[in-house]
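# Observations on the model geometry
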Amino acid sequence: MPDTDTHEEVNARREGQLGRITLNRPKSINALTLDMIRGATEALRAWWDDPSVQVVVLDGAGDRGLCAGGDITLVRDSALGDHAVAAELWREEYVLDLLMATFPRPVVALMDGVVMGGGVGLAGRADVRVVTERSRVAMPEVLIGLAPDCGSADLLARAPGELGTHVALTSMHLGAADALLCGLADVYLTPDQVAGVLQTLQRGGLAELRSSGEPPPGELAAARGWIDECYAGDDPAAIVDRLAAHPEPAAQDAARRLGSVSPTAVAVTLRALRAAAEEPGLAPCLVRDYRMVRRFLEHPDLVEGITARVVDRTHTPRWSPARLADVRAADVDAFFAPLGADELHLPG
């Protein structure tokens, strides 16, 4: 491919021994479009067998973050009309996630600022994931009537104890310290030091990328006790009950958060996390995720959540069903049933 890619929303180019992929929609915090996904995929495939590309670097244009996730307006429009549109975006996004994870030489993700949803899917499997004091890492899908996807359940299932369950069900925004604790990041640098990463990599200094100093304190290390206690098991209603009854104010706050989001999304998210623990690995997780998101396209909570949270900004979605007690196990099972001819097939 040429030194500079022609996709306007993603800038993929060669810089010496580096292959750089810069997501380029800064006004939208680089939220992913299909064109961006295709541009990044094209670059990775072109560099796959090119040994002169020693390291791939993923970053985002602007000063607000790497990536705020996927284009949820497109998802809403697709849910209201042609489901194939969102299905195509997700299918190609998951293929890109797997390519990023399995690229044959090191990948470095600069996770300064906002990294959410699809941004975690892209950056989460990099060999070196750099966070700063400005990093805000999250999978906030339950807020809009969806469940964390892009293989994030496999990442969060590996977090210590039940930290990943807490993060996924509450849509918690993780600073640098908590991202490191949960295994979603590797190196802490100040924002000023991030600018020097490219020079370090150009001189072949991947091994030199080490944390510099300590990040601001996080919240999760001190909360492990009540989190592990309350989030145990496979019953989402029992988890909420334990949180609400716990004397720790943060646990009660978590119960209120879970009570405000889609009950279906909570139940499906918990099932996805437990499935990822039982069958780890990115590829099987992405297959489950694709089945799951295709079923969410047919569920009323997805349109309701995006409309209330993002479009109308009333922040008062009316979920269906409205209570966790009314979410049947069989309904949750259906989200993960094979899709037949529409199944996701990943490159081997």
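## Things to note about the overall build of the chain
Check the secondary structure of the chain and you find 16 helices and nine strands. Across its three principal directions, the C-alpha atoms of the chain cover 55 × 45 × 40 Å. Long-range contacts, defined as pairs at least 24 residues apart, comprise 73% of the intrachain contacts of the chain with a sequence gap of at least 6. For the chain, the computed accessible surface area is about 14100 Å², with 50% contributed by carbon and sulfur atoms. Between the mean site of the 33 positive side-chain charges and the mean site of the 50 negative ones, the chain shows a separation of 1 Å.

## Here we look at the packing of aromatic side chains
According to the stated counting rule, one finds three aromatic pairs in the structure shown. Both rings, one in W48 and one in F103, keep their centres 5.4 Å apart while their planes meet at 85°; by these two values the pair is edge-to-face. Taken as a pair, W48 in the loop between α1 (34–47) and β3 (55–60) and F103 in the loop between α3 (83–102) and β5 (107–110) lie far apart in primary sequence, 55 residues in all. By relative accessible area, W48 is classed as partly exposed at 26%. Judged by its relative accessible area of 6%, F103 falls in the buried class. Ring centres of Y94 and Y290 lie 6.3 Å apart, and the angle between their planes is 85°; on these two criteria the pair is classed as edge-to-face.

## Some words on unusual backbone geometry
Backbone torsion omega between S320 and P321 reads 0°, so that peptide bond is classified as cis. In this structure, N30 is a non-glycine residue whose phi angle is positive, near 60°. Note on placement: N30 falls in the loop between β2 (18–23) and α1.

## Examining the nonpolar core
Grouped together as the largest cluster of nonpolar side chains are 101 residues, with contacts concentrated most on I21, W90, Y231 and L243. The residues touching L243, leaving out its near neighbours within four places in the chain, are W226, C230, Y231, A251, Q252, A254, A255 and L258. Membership of the second largest hydrophobic core comes to 14 residues, among which are L110, L189, V194 and L209.

## Describing helix α15 (residues 300–311)
Between the first and last C-alpha of α15 there are 15 Å, a value that for 12 residues agrees with the 16 Å anticipated at 1.5 Å per step. Where α15 is buried, its residues contact α2 (72–80), α12 (249–260), α13 (263–278) and α14 (282–296).

## Overview of the pattern of salt bridges
Scanning all chains against the criterion turns up 24 salt bridges. Salt-bridge contacts for D77 lead to R76; the nearest nitrogen and oxygen are separated by 3.9 Å. Judged by relative accessible area, D77 falls into the partly exposed class, the value being 46%. Here the salt bridges do not stand alone but share partners, grouping R13, E15, R20 and D59 into one network.

## So, α12
End to end, α12 covers 17 Å across 12 residues, agreeing with the expected 16 Å (1.5 Å per residue, within 8%). Taken as a whole, α12 has its buried residues at A251, A254, A255 and L258. Taken end-on, α12 shows its buried residues confined to a sector of 105°, consistent with a single buried face. Exposed residues on α12 whose side chains face more than 90 degrees from its buried face are P249, R256 and G259.

What counts, and where the lines are drawn
Residues numbered from 1 in each chain as written. Predicted model: local features only at pLDDT ≥ 70, side-chain atom pairs only at ≥ 80, totals over all residues. Heavy atoms only, no water. Helix = DSSP H or I, 4+ residues; strand = E, 2+ residues; numbered from the N terminus. Contact = heavy atoms within 4.5 Å. Areas by Shrake-Rupley, 256 points an atom, 1.4 Å probe, with all protein chains shown as cover. Lys, Arg positive; Asp, Glu negative; His and termini not counted. Charge placed at Lys NZ, Arg CZ, Asp CG, Glu CD. Phe/Tyr/Trp six-rings, centres within 6.5 Å; stacked < 30°, edge-to-face > 60°. Buried < 20%, exposed > 50% of the residue type's maximum accessible area, 1.4 Å probe, protein only. Core = buried A, V, L, I, M, F, W, Y, C linked by side-chain atoms within 4.5 Å. Expected span 1.5 Å × (residues − 1). Salt bridge = Lys/Arg side-chain N within 4 Å of Asp/Glu carboxyl O. Arc of directions from axis to C-beta.

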